[in-house]
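Understanding the architecture of this molecule
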Amino acid sequence: MHCWAPGIVPARPLECTQAERYVLQRLSNGSYVSIRPDDQGLGDVSEPTSAYLFHTHEAAQRAAGELNRLGGDDFDVVKVAWPIALC
């Protein structure tokens with residue numbers, strides 16, 4: 001079964017058509033997950049706009065699920081309104 005995602009145009013899947021982004025939030029302390037540039041590990045930031053941005057809810061859900069399976073901390077997906085000009 002094919003499900004249509006209105007934010008994804010099959011002819012141009014990497015273009016931004018929706019001003020929606022998703023980030024991961026640690027449930028233990030409320031911080032948001034970022035990627036550290038020096039070692040590509042997970043870091044914590046206080047603002048969602050500084051966190052690693054996912055373009056689809058499904059990708060964010062997969063990442064949160066994998067991190068939750070690894071244990072140590074629980075993660076949730078948070079929707080962030082993002083200006084279309086910054087996509």
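Residues numbered from 1 in each chain as written. Predicted model: local features only at pLDDT ≥ 70, side-chain atom pairs only at ≥ 80, totals over all residues. Heavy atoms only, no water.

1. Points about the side chain of Arg26
With respect to the helices, strands and loops of the structure, Arg26 is situated in strand 1 (residues 20-26). Since its relative accessible area comes to 15%, Arg26 is described here as buried. When sequence neighbours within four positions are dropped, the list of residues in contact with Arg26 reads Ser31, Val33, Leu42, Asp44, Asp73, Asp74 and Phe75. (Helix = DSSP H or I, 4+ residues; strand = E, 2+ residues; numbered from the N terminus. Buried < 20%, exposed > 50% of the residue type's maximum accessible area, 1.4 Å probe, protein only. Contact = heavy atoms within 4.5 Å.)

2. A look at the pattern of salt bridges
A full pass over the atoms with the stated rule returns 4 salt bridges. Two residues, Arg26 and Asp73, come together in a salt bridge whose shortest N-O distance is 3.2 Å. In this pair, Arg26 is assigned in strand 1 and Asp73 in the loop between helix 1 (57-70) and strand 4 (75-81), connecting sequence segments 47 residues apart. Here the two residues Arg26 and Asp73 agree in accessibility, since each one is buried. The salt bridge involving Arg69 is made with Glu66; its shortest N-O contact spans 2.8 Å. With Arg69 and Glu66 both in helix 1, this residue pair falls 3 residues apart, about one helical turn. (Salt bridge = Lys/Arg side-chain N within 4 Å of Asp/Glu carboxyl O.)

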